[in-house]
Amino acid sequence: MGRHVGFERLHNFRDLGGYRSADGRTVRWRTVYRADSLGKLAGDDWERFLGLGIGTVIDLRYPWEIEAKGQVPEAERFRYVNLSIEHRPYDQAEIDPDLDPWRYLADRFAEVTEDGADEIRQVIEEVAQAPGPVVFHCTSGKDRTGLIGAFVLTLLGVERADVLTDFALTELATERLAADWRAANPGRVMKWPSYGRAPSVVMELVFADLEARYGSVEGYLGERAGLSQRTVERLRSRLLTADCR
């Protein structure tokens, strides 16, 4: 079964199903998705999206991003929740090319995990309690979305190597994400040559930072974000199945 869901205007829409958990179960297909901005949906893309049966949309962007770029069309059709997990905006196109880009991004992730701990907990609670298929997204489906995806898969007991591989699948969309940026910013120069990239080393650094401070990723989610074991159990019950199809 294909992990990438093909759209014309969206470049990074993926199914998180199919990964094997440590207890031998499998993450359900067609139940939890991660994506770039759903504000781009229109025409055939919109019909394709509706065909997925998604009932809950979790928008991880700032309210000002939503106002500028739009939210999912006909938001009233869904349980639409805006939970901005990032509190300190920065412009990736302006990153100094002389910096270590992966350490720089990991440090921005560290800000998100501290500043946005409450929102991160709420996002996971929404995924755990959604009655049907759910999607969470940001602008590129790369960093904020990548962090939530990594947390969800980790809580489900997916092997670390698979979690990192899933994060890095965004690299398949890098060229299109960069092209979109150039089209939207015709008067600007992209200073950072790695714009739109998401190598696994970034999430490796993020996890190492959390483990150094909290003992484990799960320790961070419980201690700092306040995620309850009941929610974790609900998440696993909802998203794990013995059927690998």
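These notes cover the structure that comes with them. Fair warning: this is a prediction, and the values are worked out from it, not measured in the lab.

Some remarks on the overall build of the protein chain
- Across its full length, the protein chain carries 10 helices and 7 strands.
- For the protein chain, the C-alpha radius of gyration of 17 Å lies close to 18 Å, the compact-globule estimate for 245 residues.
- By its C-alpha atoms, the protein chain is 50 × 45 × 30 Å across when sized along the principal axes.
- Burial analysis of the protein chain (245 residues in total) assigns 55% to the buried set.
- Accessible area for the protein chain stands at about 10900 Å²; split by element, carbon and sulfur atoms hold 47% of it.
- Positive and negative charge centroids in the protein chain, built from 33 and 40 side chains respectively, lie 4 Å apart.

Details of helix H7 (residues 174-184)
- Those residues of H7 that sit buried are Thr174, Leu177, Ala178 and Trp181. The buried residues of H7 occupy one face: seen down the axis, they fall within an arc of 95 degrees. For H7, the exposed residues set more than 90 degrees away from the buried face come down to Glu175 and Ala183.

Notes on helix H5 (residues 144-155)
- Compared with an ideal rise of 1.5 Å per residue, which puts 12 residues at 16 Å, H5 spans 17 Å between its outermost C-alpha atoms and is within 8% of the ideal.
- For H5, the full list of buried residues reads Arg144, Thr145, Gly146, Leu147, Ile148, Gly149, Ala150, Phe151, Val152, Leu153, Thr154 and Leu155.
- Phi turns positive, to about 85 degrees, at Gly157, one or two residues after H5.

A few points about the pairing of strand E6 (residues 134-137)
- Here E6 shows a buried face lined by Val134 and Phe136 and a second buried face lined by Val135 and His137.
- Strand direction decides the pairing type here: strand E3 (residues 32-35) and E6, joined by 4 bridges, are parallel. Residue pairing in the sheet places Arg34 in a bridge with Phe136 of E6.
- One ladder, built from 4 bridges, connects strand E4 (residues 56-59) with E6; its direction is parallel. By the bridge assignment for E6, Thr56 is matched with Val134.

Structural notes on the packing of aromatic side chains
- If you walk through the whole model with that rule in mind, you get 13 aromatic pairs.
- Here Trp46 and Phe49 contribute two aromatic rings whose centre-to-centre distance is 6.0 Å and whose plane-to-plane angle is 20 degrees, an arrangement assigned as stacked. Of this pair, Trp46 and Phe49 both sit in helix H1 (residues 43-50), 3 residues apart, roughly one helical turn.
- A ring pair is formed by Trp46 and Phe78, whose centres lie 6.2 Å apart and whose planes are at 80 degrees; its orientation type is edge-to-face. A residue pair is termed long-range when its members are at least 10 positions apart, and Trp46 in helix H1 and Phe78 in the loop between helix H2 (63-69) and strand E5 (79-82) qualify at 32 residues.

A look at the sheet that holds E6
- Taken in spatial order, the 5 strands make up an open sheet running E1-E3-E6-E4-E5, and their pairing is mixed. Lying at the two open borders of the sheet, with one neighbouring strand each, are strand E1 (14-15) and E5.
- Where helix H4 (residues 117-129) meets the sheet, its contacts fall on E3, E4, E5 and E6, and the angle it forms with E4 comes to roughly 170 degrees.
- This element, H5, spans E3 and E6 of the sheet and lies at about 135 degrees to E6.

Brief notes about the nonpolar core
- Ranked by internal contacts, the top residues of the largest apolar core, which has 60 residues, are Ile120, Leu147, Phe151, Met203, Tyr220 and Leu221.
- Per-element accounting of this core gives the leading share, 7 residues, to H5.
- In this view, Ile120 contacts Ile85, Val112, Thr113, Leu147, Ile148, Phe151, Tyr220 and Leu221; residues no more than four positions away in its chain are not counted.

Focus on the pattern of salt bridges
- This model, assessed by the stated rule, comprises 24 salt bridges.
- Taking the shortest distance from any N to any O, the salt bridge between Lys191 and Glu94 comes out at 3.0 Å. Of this pair, Lys191 sits in the loop between H7 and helix H8 (200-214) while Glu94 sits in the loop between E5 and helix H3 (101-115); the two residues are 97 residues apart in sequence, bridging distant segments of the chain.
- One salt bridge in this structure joins Arg224 and Glu114, with 3.1 Å as the shortest N-O distance. Of this pair, Arg224 sits in the loop between helix H9 (217-223) and helix H10 (229-239) while Glu114 is found in helix H3, placing the two residues 110 residues apart along the sequence.
- On the basis of relative accessibility, which here comes to 32%, the residue Arg224 falls in the partly exposed class.
- Each of Arg88, Arg108, Glu111 and Asp115 takes part in salt bridges that share partners, so that together they form one network.

The rules behind these values
Residues numbered from 1 in each chain as written. Predicted model: local features only at pLDDT ≥ 70, side-chain atom pairs only at ≥ 80, totals over all residues. Heavy atoms only, no water. Helix = DSSP H or I, 4+ residues; strand = E, 2+ residues; numbered from the N terminus. Rg over C-alpha atoms; globule rule 2.2 N^0.38 Å. Buried < 20%, exposed > 50% of the residue type's maximum accessible area, 1.4 Å probe, protein only. Areas by Shrake-Rupley, 256 points an atom, 1.4 Å probe, with all protein chains shown as cover. Lys, Arg positive; Asp, Glu negative; His and termini not counted. Charge placed at Lys NZ, Arg CZ, Asp CG, Glu CD. Arc of directions from axis to C-beta. Expected span 1.5 Å × (residues − 1). Pairing = 2+ DSSP bridges. Phe/Tyr/Trp six-rings, centres within 6.5 Å; stacked < 30°, edge-to-face > 60°. Contact = heavy atoms within 4.5 Å. Axes fitted to C-alpha atoms, helices over the stretch in contact; angles between N-to-C directions. Core = buried A, V, L, I, M, F, W, Y, C linked by side-chain atoms within 4.5 Å. Salt bridge = Lys/Arg side-chain N within 4 Å of Asp/Glu carboxyl O.

Function cannot be inferred from these measures alone, as they are strictly geometric.
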